[in-house]
Amino acid sequence: MKVITSIREMTRFSENLRCQGRTIAFVPTMGYLHEGHLALMAEGKTKADHLVVSIFVNPAQFGPSEDFSTYPRAMEQDLEQCRTIGADTVFTPDSDIYPAGFQTYVELEKLPLHLCGLSRPVFFKGVATVVTKLFNIVNPHFALFGEKDYQQLAIIRQLVIDLNFDITVVGVPIVREPDGLAKSSRNKYLTQKERPHALLLYRSIQAAEKMVKDGEIDAQKIVDAATEILLSCPDITVDYVSICDPVTLDGVTSIQGKVLMAVAVWLGKTRLIDNRMLVVPHTPE
Ligand code: PAF
C-alpha cells in the first residue's frame, strides 16, 4: 500500500493511473476508521481497479466551539486497517490543503439550510470545500460516502452536478452496532452510562417506521412520538427530528411515497445523528 502526503505527488499518481486506463475509487475520511469506513472501502474495491483513501481532519468543517482539536486521531491504526482491507493508496495531506492566504470556499445555497446545517453553520461549507479540493487532487471515477451523513451525501451529489465533476457518487448504507446504534467515530466519546441511551435514536426511528407501516401519514404526529422517545432520557437534548423530502430536504407535512426521517441529538457532550427512509406501504387496489 502506497502512502502519499504530497498533493502534487497524489495528482501525478492519479494521472498516471488514468493514463494506464485504470479506474479509481475514492473514499475521503477524517480517520479514526470504523466498520462504516471499511464498508465504503469494500464497496470502492468492487467499483474500480484502484482504491484511494484519504485521511485528513478538515479544520474548515469545525465551528469555533466544536471538537477539532480533540477529534479522535489514530493514524497508525488507520493505516493498518486500510492495509488489511486492501486499499491501494492512502493520501494523508497536511496543512498544505489550506496554505497561507487561502480564501476560496465552495458553498451551496439551499441544501445546507436544513437539518445539521442549522446548528452547524460552517460545517457544509467546510465539507464542500475540502471535498472539491480532494476531487481535484485525486480525480477519481467513483467517490463513496456513507448514508449515515445523509445531508452530506445529498450535498456532494449536488456539488458534483453543479461543478461538472465527472465522478459517480455512491451512497453506502449505514453500518450499525449489533444493538442498532449507527457506527460513528464520535461514539468513542460516549460514557458507559450514556451508551445505552444512544440507542434511543434508532428506537425513535423504528417507532416512526412502525407508525408509517400502521398507516400514519401525519408527519407531525410521527415527529412528536419520536421526540418523546428521545426525551425519555434526561441527558438527551434534541437538535432536530425531521421528516423531509429525500432530495430537497424540505420538511413534509404528510407522508407520501418515500420520505427521509432524520434525527440529531446531543447526549451529554456527544452529538449523534441517524436517519432512515420511511416508505408508505403499497395500498392494494
Ligand atoms: O464524512 C467525513 O468524514 C468528512 O465530512 C469528509 C467527507 C471526509 C470531509 O472532510
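Residues numbered from 1 in each chain as written. Predicted model: local features only at pLDDT ≥ 70, side-chain atom pairs only at ≥ 80, totals over all residues. Heavy atoms only, no water.

Novice: I tried to follow the environment of F62 on my own but got confused; where do I start?
Specialist: Counting through the fold element by element, F62 comes out in the loop between β3 (50–55) and α3 (75–85). On the accessibility criterion, F62 (8% relative accessible area) is buried. Through-space distance from the C-alpha of F62 to that of P121 is 9.3 Å; in sequence the pair is 59 residues apart. (Helix = DSSP H or I, 4+ residues; strand = E, 2+ residues; numbered from the N terminus. Buried < 20%, exposed > 50% of the residue type's maximum accessible area, 1.4 Å probe, protein only.)

Novice: I would appreciate a short explanation of the sheet that holds strand β1 (residues 2–4) in the present structure.
Specialist: Strand order in the open sheet made by the 6 strands is β1-β4-β3-β2-β5-β6, with parallel pairing throughout. Each edge of the sheet is formed by a strand with only one pairing partner; in this case those strands are β1 and β6 (168–172). Adjacent strand axes in the sheet meet at a mean angle of 25 degrees, parallel and antiparallel pairs treated alike. Pairing of strand β5 (residues 142–146) with β6 involves 5 bridges; the strand directions are parallel. Its bridge partner lying in β6, A143 is registered against V169. Docked against the sheet, helix α5 (residues 123–138) engages β2 (24–29), β3, β4 (89–91) and β5, running at close to 150 degrees with respect to β2. Across the face of the sheet, helix α6 (residues 150–162) comes into contact with β5 and β6 while running at roughly 170 degrees to β6. (Pairing = 2+ DSSP bridges. Axes fitted to C-alpha atoms, helices over the stretch in contact; angles between N-to-C directions. Contact = heavy atoms within 4.5 Å.)

Novice: It is not clear to me how the site of the ligand should be interpreted in this structure. Could you clarify?
Specialist: As a matter of local geometry, the ligand sits amid P28, T29, M30, N58, Q61, V127, V130, F145 and Q152. Taking Q61, its side chain carries an N or O atom lying 2.6 Å from an oxygen atom of the ligand. For the ligand, whose unbound accessible area comes to 290 Å², protein coverage reaches 89%. Looking at the shell around the ligand, the elements with two or more residues in it are β2 and α5. Looking at the shell around the ligand, its residues break down into 5 nonpolar, 4 polar and no charged. (Near = heavy atom within 4 Å. Polar contact = N/O pair within 3.5 Å; in protein donor to acceptor, adjacent residues only side chain to side chain. Areas by Shrake-Rupley, 256 points an atom, 1.4 Å probe, with all protein chains shown as cover. Nonpolar A, V, L, I, M, F, W, Y, C, P; charged D, E, K, R; others polar.)

Novice: I tried to follow empty space enclosed by the protein on my own but got confused; where do I start?
Specialist: Think of a ball as big as a water molecule: rolled over the atoms, this probe shows where empty space is left. On inspection of all chains with the given rule, the structure shows 1 cavity of 30 Å³ or more. Approximately 30 Å³ is the volume attributed to the largest cavity. For the lining of the largest cavity, the element with the most residues is strand β9 (residues 270–279), which contributes 3 residues. Looking at side-chain class alone, the lining of the largest cavity contains 5 nonpolar, 2 polar and 2 charged residues. (1 Å grid on protein atoms, 1.4 Å probe; cavity = no way out; pocket = protein on both sides within 12 Å on 5 of 7 lines; lining within 4 Å. Points joined across faces, edges and corners; volume = space filled by probe spheres on them.)

Novice: I'm lost on the layout of surface pockets in this one. Help?
Specialist: Approximately 230 Å³ is the volume attributed to the second largest pocket. Considering the residues around the second largest pocket, the lining is formed by E147, Y150, L153, A154, R157, P173, I174, R176, L260, N275, R276 and M277. Listing elements by their share of the lining of the second largest pocket, those giving two or more residues are α6 and β9. Sorting elements by how many residues they give to the lining of the second largest pocket places α6 first, with 4 residues.

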